[in-house]
Amino acid sequence: MIELDGSTGEGGGQILRSALSLSMLTGQPFRIRNIRANRAKPGLMRQHLMAVLAAAQVCGGEAEGAAVGSQTLTFTPGAIRSGDYEFAIGSAGSCTLVLQTLVPALLFADAPSTVRITGGTHNPMAPPVHFLQRAYARALADMGATVDFQLKRCGFYPAGGGEIVASIQPCGRLQPFEWITRGERKEAYAESLVAGIPPSVARRELETIGAGMGWGVEQLHERILPAEQGPGNALLLTLDYGNLTEVFTAIGEKSVSADTVARHLMREVRQYLASGAAVGEHLADQLMLPMALAGGGYFTTATVSLHARTNAEVIGNFLPVRFIFDEVDGIYHCSIAPPEKTIQRY
């Protein structure tokens, strides 16, 4: 039984999600206390509970303490099973975070799987589905995996109602890959998604992006969604390079101007561009678990967040791997130290 403290490091839901993925993959049970202790509302919320219940279904596992608000959970996995799964969060909780719990495990199932999940698709503090489609899936493909994410319907907070379908092909083994440089930039564009709010919000956001980034109208795209999918707004900026794709996101909020949303997003993008590193802060965090499963890999990033360092600690509880973060001229080089013993389960 692996014992985890959910208040460690950044103290959020990633500790639980990584533990669930790794428990399924290694067959090791775990107990976690102080779940999401550093959050305003500690304990399991609906999206975290769904991650637990979905993981238990995918591997035939057992979960004690699986209830909204619970701060202690014991998870005992079974064997990973392929299949066609459907899960409904029942709120605007993030579909993408639940998917990122299940996808690594289903890569090692005995047959292809599909996961259909309803809830939120564009949430604050969570990757949007476009990030999974363009950045995460491409990185997994570099490592030999085939995962396809289809957005069937958008869902914004607080209404939810979005739908994503993920198709996962088993790969047997992930291959180490290196993201050291971005490569030549092939494409750069911004999209503003609006549903149930005035289209002028999208126009103002894109005008601010165009002026601030020096981009032409051909790089600025309004996505006017059916009103019943809202109300909601998401501003996305995609940078497609020879070696990787990055997606940056800002979620519109009530009483926050379109100009402010756009300026906040541009600040993040400019920091990334100025850094010279290959991988942004959020993609860096998402690469770590696949790298650990592959037993190797390498990327450069400008920032190693507390989120990433906490993730590295959780991974080290389940797998005989150790992440190394070396800073050279303001850029972090992330790699994995050679394993000390053979990994048996997968």
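Before reading further, recall that the structure is shown in the block above.
A quick note: this is a predicted structure, and the numbers were derived from the prediction, not measured.

**So, the packing of aromatic side chains**
Going through the model one piece at a time under the given rule, you end up with 7 aromatic pairs. Residues Tyr-136 and Phe-149 carry aromatic rings whose centres are separated by 6.4 Å and whose planes lie at 40° to one another, so their mutual orientation is tilted. Of this pair, Tyr-136 sits in helix H4 (residues 129–142) while Phe-149 sits in strand S7 (residues 146–153), and the two are 13 residues apart along the sequence. Ring geometry for Phe-323 and Phe-325: centres 6.4 Å apart, planes at 15°, overall stacked. The class of Phe-323 is buried, set by a relative accessible area of 11%.

**What about the sheet that holds strand S13 (residues 245–251)?**
One open sheet accounts for 4 strands, arranged S11-S10-S12-S13; its pairing is mixed. Looking at strand neighbours, the two that pair on one side only are strand S11 (220–225) and S13, the edges of this open sheet. Taken over all neighbouring pairs, the strand axes of this sheet differ in orientation by 20° on average, direction set aside. Bridge count for strand S10 (residues 185–195) against S11 is 6 bridges, and the pairing is parallel. Within the sheet, the bridge partner assigned to Ala-195 lies in S11 and is Leu-225. Contacting S10, strand S12 (232–241) and S13, H4 crosses the sheet at an angle of about 155° to S13.

**Looking at the environment of Trp-179**
Looking at the element boundaries, Trp-179 is found in strand S9 (residues 178–179). In this structure the C-alpha to C-alpha distance between Trp-179 and Asn-311, which are 132 residues apart in sequence, comes to 19 Å. In contact with Trp-179, not counting residues within four places along its chain, are Ala-139, Asp-142, Met-143, Asn-243, Leu-244, Ala-278, Val-279, Leu-287, Met-291, Tyr-298, Phe-299 and Thr-300. Here Asp-142 takes part through its side chain, which lies 3.1 Å from a polar atom of the side chain of Trp-179.

**What to know about the nonpolar core**
Residues Phe-30, Leu-102, Ile-209 and Phe-323 are the most contacted members of the largest nonpolar core, which totals 103 residues. Apart from the residues lying within four places of it in its own chain, the contact partners of Phe-30 are Met-1, Ile-2, Leu-4, Leu-16, Ala-19, Leu-20, Ser-23, Leu-73, Thr-74, Phe-75 and Phe-318. If you look at the next biggest cluster of nonpolar residues, it comprises 8 residues, including Ala-195, Leu-225, Leu-236 and Ile-251.

Basis of the calculations
Residues numbered from 1 in each chain as written. Predicted model: local features only at pLDDT ≥ 70, side-chain atom pairs only at ≥ 80, totals over all residues. Heavy atoms only, no water. Phe/Tyr/Trp six-rings, centres within 6.5 Å; stacked < 30°, edge-to-face > 60°. Helix = DSSP H or I, 4+ residues; strand = E, 2+ residues; numbered from the N terminus. Buried < 20%, exposed > 50% of the residue type's maximum accessible area, 1.4 Å probe, protein only. Pairing = 2+ DSSP bridges. Axes fitted to C-alpha atoms, helices over the stretch in contact; angles between N-to-C directions. Contact = heavy atoms within 4.5 Å. Polar contact = N/O pair within 3.5 Å; in protein donor to acceptor, adjacent residues only side chain to side chain. Core = buried A, V, L, I, M, F, W, Y, C linked by side-chain atoms within 4.5 Å.

These figures capture arrangement, not role.
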